[in-house]
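Read off the chains here:
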Amino acid sequence: VLCGLVASSPSAGQRCVAWATGTRVFPGATRDCRVLHDSHAEVLCRRAFQRFLAGEIQNVICGAKSSEFLELKGEACCLRPEVSFHLYVSETPCGDASIYGLRDALGSRYTGAKLHGEAWKKEDAQETGALRLKGGRRDLPRDRRSACLSCSDKLARWAVMGLQGGRLSRFLSKPIRIESIRVSRPPEATADELEKALRRAIVERSATAVEELRAQLDDLDSDAAALSPWLESWRAPEVMVVEDAFPFSREALGKASGERAGASASDAPTPKKRKVEKRSARLKPDSLCSNWYLHETEEHGDENGGTVEITSGSTGRKQGASKASTSPATESRLCTRQLEKQIRDAGLSGKKAEDQDPDEAPGEDVSKDPSYRALHDRLIATSPFVGWSDRGEVCNAPKTSSAGS
């Protein structure tokens, strides 16, 4: 699965600022800030965008250089009025958006994401509009099951809270929201049915949550009330279904394999063609994931700036790291601890990077914005998000490192 974020403005046109590929989750419910627990493309892309955004904030606040995306107003940054961000996903986001009617009234597509808070059992008829966990085998022990919410749920939350997260909210006067979400149409779906599912899963749920939050504005505490302008300026993202397919999707690769097999053979089925078709039908996503973000000052970057990082969804670390590895050298630049390190290195916190123990839990200098935190806590109490699991992460990394990692 490919997910990308494109910045658009009348003066600069369209420019990709972050992208990622991935379909895996790190097993287990224990949270660790050194590991990528959710390696689905949408989540990795947002994390890559946050690294890009931190660099732009540094440019603006520290005066290193101007930014074509942000500007300084008072003591905080804000998005330039002509700039907007648009998300593309090559497949339907897992969870509620993946439940839609099939072509020719052949029934509905089911999602592998499991109902949040329920036993992992097969559903005879899937419930729509519900929180779901990332999928997995039903026979997995409870301690090996993922605790990550589905991408449909996360997109609905980001539609309200923005893409910037709590740590970067301290430097922004308003959230960075998605203007539109584009999803490639799978062969078995009609555009109308898929758009209906996307609207239900993302637009309608976020709109319901905002309506409930606006009704509570008079009762919000001082921290959350400071974010009331964020709710007043809220606008639902536009969802669109596109016909263009990602050339490296499972469907495209399976189709290409079948076409190559039939190109040099007759239309009649042969043992060779049957073998290729059977292998194509079994194509499964690889555990390797990739991420990139626009970073013009990074050394050895490509022509657009930045470098591609390869990680493993099975270990939550860089490619080649073992599951037992604890070495900081194996940590992905997108994990929470490395994101916080970037904030310190950029001089955006009160503590210098060299003064921070790498094995120490995050301090107040990289903590989440209290207003953001307060509003987020209210958000996950609204009807579309009630029951959202938000346990935080543990950063007490051991001081030993794995040999050869």
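Residues numbered from 1 in each chain as written. Predicted model: local features only at pLDDT ≥ 70, side-chain atom pairs only at ≥ 80, totals over all residues. Heavy atoms only, no water.

Engineer: Hey, could you run me through the overall build of the chain in this one?
Structural biologist: In terms of helices and strands, the chain carries 10 helices and 14 strands. Partitioning the intrachain contacts of the chain with sequence separation of at least 6 by distance along the chain shows that 64% fall at a separation of at least 24. Accessible surface, the chain as shown: approximately 19500 Å² in total, 49% of it carbon and sulfur. (Helix = DSSP H or I, 4+ residues; strand = E, 2+ residues; numbered from the N terminus. Contact = heavy atoms within 4.5 Å. Areas by Shrake-Rupley, 256 points an atom, 1.4 Å probe, with all protein chains shown as cover.)

Engineer: Help me understand the side chain of S184, please; the structure alone is not making it clear to me.
Structural biologist: As for its position among the elements, S184 is in strand β10 (residues 178-184). You can call S184 buried: its relative accessible area is 3%. Not counting residues up to four positions away in its chain, the partners in contact with S184 are Y88, V89, S90, L194, V242, D244, A245 and F246. (Buried < 20%, exposed > 50% of the residue type's maximum accessible area, 1.4 Å probe, protein only.)

Engineer: Before we go on, may I ask you to explain the pairing of strand β1 (residues 2-9) in this structure?
Structural biologist: Regular strands place side chains that alternate from one sheet face to the opposite one. Among the eight residues in β1, seven count as buried, and that is most of the element. Once β1 ends, the chain turns through three residues before running back antiparallel as strand β2 (residues 13-21). Bridging between β1 and strand β7 (residues 84-89) involves six bridges; their strand directions are antiparallel. Following the sheet pairing, V6 is matched in β7 by H86. (Pairing = 2+ DSSP bridges.)

Engineer: What am I meant to see in helix α9 (residues 336-345) here?
Structural biologist: Because each turn of an α-helix spans 3.6 residues, side chains separated by three or four positions end up pointing in the same direction. Taking burial as the measure, the 10 residues of α9 include eight buried ones, the bulk of the element. What α9 keeps buried is the set T336, R337, Q338, L339, E340, Q342, I343 and R344. Each element contacted by the buried residues of α9 is listed here: α1 (41-61) and α3 (165-169). Where α9 ends, the next residue or the one after it, G347, has phi of about 75 degrees, a positive value.

Engineer: I keep staring at the confidence of the model for the chain and nothing clicks. Help me out?
Structural biologist: Detailed conclusions should not be drawn from predicted coordinates in areas where pLDDT is low. A residue-level look at the chain finds 73% of positions with pLDDT of 70 or above and a mean pLDDT of 80. β7 holds the highest mean pLDDT among the elements of the chain, 98, whereas helix α8 (residues 271-281) holds the lowest, 53. Within the model, pLDDT remains below 50 along residues 260-266, and this stretch shows five contacts once partners closer than five positions in the same chain are excluded. Under a pLDDT of 50 for its full length, residues 350-365 has, in the predicted model, 26 contacts with residues more than four places off or in other chains. (pLDDT = per-residue confidence, 0-100.)

Engineer: Before we go on, may I ask you to explain the sheet that holds strand β13 (residues 309-312) in this structure?
Structural biologist: What links the strands of a sheet is backbone hydrogen bonding, and the strands pair in either a parallel or an antiparallel sense. Spatially, eight strands are ordered β11-β10-β7-β1-β2-β12-β13-β14 in an open sheet, and the strand pairing comes out mixed. The open sheet has two edge strands with one neighbour each: β11 (238-242) and β14 (317-318). Taken together, the two bridges between β13 and β14 define a ladder with antiparallel strand orientation. Paired with S312 across the two strands is R317, which belongs to β14. Against the sheet, α1 contacts β1, β2, β7 and β12 (288-293), and its axis sits at roughly 125 degrees relative to β2. Where helix α4 (residues 191-215) meets the sheet, it contacts β10 and β11, and its direction lies at approximately 150 degrees from that of β11. (Axes fitted to C-alpha atoms, helices over the stretch in contact; angles between N-to-C directions.)

Engineer: I tried to follow empty space enclosed by the protein on my own but got confused; where do I start?
Structural biologist: In this approach the atoms are scanned with a rolling probe the size of a water molecule, which exposes any empty space left behind. Counted according to the given criterion, the structure contains one cavity of 30 Å³ or more. For the largest cavity, the full set of lining residues is A7, S8, S9, A12, G13, Q14, R15, E68, F69 and V83. Looking at the lining of the largest cavity, the elements with two or more residues in it are β1 and β2. When its residues are assigned to classes, the lining of the largest cavity shows four nonpolar, four polar and two charged. (1 Å grid on protein atoms, 1.4 Å probe; cavity = no way out; pocket = protein on both sides within 12 Å on 5 of 7 lines; lining within 4 Å. Points joined across faces, edges and corners; volume = space filled by probe spheres on them. Nonpolar A, V, L, I, M, F, W, Y, C, P; charged D, E, K, R; others polar.)

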